[in-house]
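These are the residues of each chain, in order.
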Amino acid sequence: MENIQSIQSIEKAKKIEKALLPLLAAAGLFTLLVTAGIIYTLSQETWHFFKTVSVVDFLFGTKWEPLMEPKSFGVLPLVSGTLLISIGAGLFAIPSGVMIGVFLTEYAHEKMRRIVKPILEILAGIPTIVYGYFAITFVTPILKTIMPEIEVFNALSGAIVVGVMILPMVASLVDDALLALPQSLKHGAYALGATPFEVISGVIIPASFGRIMAAFILAISRAIGETMAVTMAAGSNPQLTFNPLQSIQTMTSYIVQVALGDTPAGGIEYLTSYAVAFLLFVMTFGLNWIGHKIMQQGGRK
């Protein structure tokens, strides 16, 4: 009797699975169509832009003033501002995220995990515009007391709040990477007389290095695509600088500026937003591809 019920349950599960396959296939196809539509739209408008502006001038120009006369279309100031925010955010979030991930995996009791995990989830769920207000009203005034020469809108403040934003991602991915390791590695190291610090620094982190690096790259990719917090904190002054105390403009901030402005559709000024968006898409896609490749290599090991 039990065998008959078991066979019937298996057959029922197979029928449900067959019924769900078309729905799952449609969902996957929809994702591909949306991605293809985004690539097509960006590529088409970017192609029209490069009919007027040289690719070399766009990629290697050091002056970005497409909305003023005379017009300049060198995107390097926007790229440098984006990298300044992303690198600064990574310098803040990556070490902190690794320490939080190691603490949750190796040191925290279950009760502590129940407290820290929801806090990280709350940080991840806060709207980005709230982080922008937090940067203007709290972070920048503190930085102003420490460094009076810092500008009201500055890259350092934006990097800090973006670092706080991506911190939950880094901590969660590092936590998952450490939990994925076989316990035999840790137990073997302890059996040889290693201290907890030696186990973490000499065994656990090296063994999960690929997954941790993938977490870093994915977090940096997330920081590159941030918009509202950076727009409010770092300002909208496109200049080729690596001084975090100055006001800068990122690629996403410029796209927002054009989208919210009075730029006429179809003009060269309007097409610049698509060219910048296409370059941003290529950068984030490349970083995500590298991160997933590193993640796959780490999983195979």
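For the structure, check the block above.
In this text, all values refer to a predicted model and were calculated from it rather than measured experimentally.

A. Structural detail: the overall build of the chain. Per the secondary structure count, the chain includes 12 helices and 2 strands. Starting at the N terminus and walking to the C terminus, you meet the elements of the chain as α-α-β-β-α-α-α-α-α-α-α-α-α-α. For the chain, the C-alpha atoms occupy an extent of roughly 80 × 55 × 35 Å along the three principal directions. Within the span of the chain, comprising 301 residues, buried residues form 38% of the whole. Across the chain, every contact between residues at least 6 apart in sequence was considered, and the portion connecting residues at least 24 apart equals 70%.

B. Looking closely at the side chain of Asn154. Assignment of secondary structure puts Asn154 in the loop between α5 (128-146) and α6 (155-179). Within the local environment of Asn154, its side chain forms a polar contact with the backbone nitrogen of Ser157, the two atoms lying 2.7 Å apart.

C. Summary view of the pattern of salt bridges. The tally for this structure, following the rule as stated, stands at 4 salt bridges. Between Asp175 and Arg113 there is a salt bridge, with the nearest N and O atoms lying 3.3 Å from each other. With Asp175 in helix α6 and Arg113 in helix α4 (residues 110-125), the pair connects residues that are 62 residues apart, well separated along the chain. Accessibility assignment for this pair places Asp175 and Arg113 in one class, buried. Asp175 gets classed as buried once you look at its relative accessible area, which sits at 1%. Bridged by salt links that share partners, the residues Arg113, Lys117 and Asp175 form one connected network.

D. Up close: the packing of helix α3 (residues 76-107) against α6. Contact pair α3 / α6: the axes reach a minimum separation of 6 Å and the direction vectors enclose 35 degrees. The two elements α3 and α6 cross, and the hand of that crossing is right-handed. Residues that form the contact of α3 with α6 fall into these classes: 22 nonpolar, 7 polar and 1 charged.

E. Quick look at a nonpolar patch on the surface. There is a patch of nonpolar side chains on the surface, built from Ile16, Leu20, Leu21, Leu23 and Leu24 and spanning about 490 Å² of accessible area. Mapped onto the elements, Leu21 comes out in helix α1 (residues 2-50).

F. How the structure looks around empty space enclosed by the protein. Under the defined criterion, the tally for this structure stands at 1 cavity of 30 Å³ or more. By volume, the largest cavity amounts to about 30 Å³. Around the largest cavity, the lining residues are Thr82, Ile85, Ser86, Ala223, Ile224, Glu226, Val230, Thr250 and Thr252. Those elements that provide at least two residues to the lining of the largest cavity are α3 and α9 (209-224). When residues in the lining of the largest cavity are grouped by element, the largest group, 3 residues, is from α3. Here the residues of the lining of the largest cavity sort into 4 nonpolar, 4 polar and 1 charged.

What counts as what
Residues numbered from 1 in each chain as written. Predicted model: local features only at pLDDT ≥ 70, side-chain atom pairs only at ≥ 80, totals over all residues. Heavy atoms only, no water. Helix = DSSP H or I, 4+ residues; strand = E, 2+ residues; numbered from the N terminus. Buried < 20%, exposed > 50% of the residue type's maximum accessible area, 1.4 Å probe, protein only. Contact = heavy atoms within 4.5 Å. Polar contact = N/O pair within 3.5 Å; in protein donor to acceptor, adjacent residues only side chain to side chain. Salt bridge = Lys/Arg side-chain N within 4 Å of Asp/Glu carboxyl O. Axes fitted to C-alpha atoms, helices over the stretch in contact; angles between N-to-C directions. Left-handed = near helix turned anticlockwise from the far one by under 90°. Nonpolar A, V, L, I, M, F, W, Y, C, P; charged D, E, K, R; others polar. Patch = residues over 30% accessible without salt bridge, like charges linked within 9 Å, V, L, I, M, F, W, Y side chains within 5 Å. Areas by Shrake-Rupley, 256 points an atom, 1.4 Å probe, with all protein chains shown as cover. 1 Å grid on protein atoms, 1.4 Å probe; cavity = no way out; pocket = protein on both sides within 12 Å on 5 of 7 lines; lining within 4 Å. Points joined across faces, edges and corners; volume = space filled by probe spheres on them.

The analysis is restricted to geometry; functional conclusions fall outside its scope.
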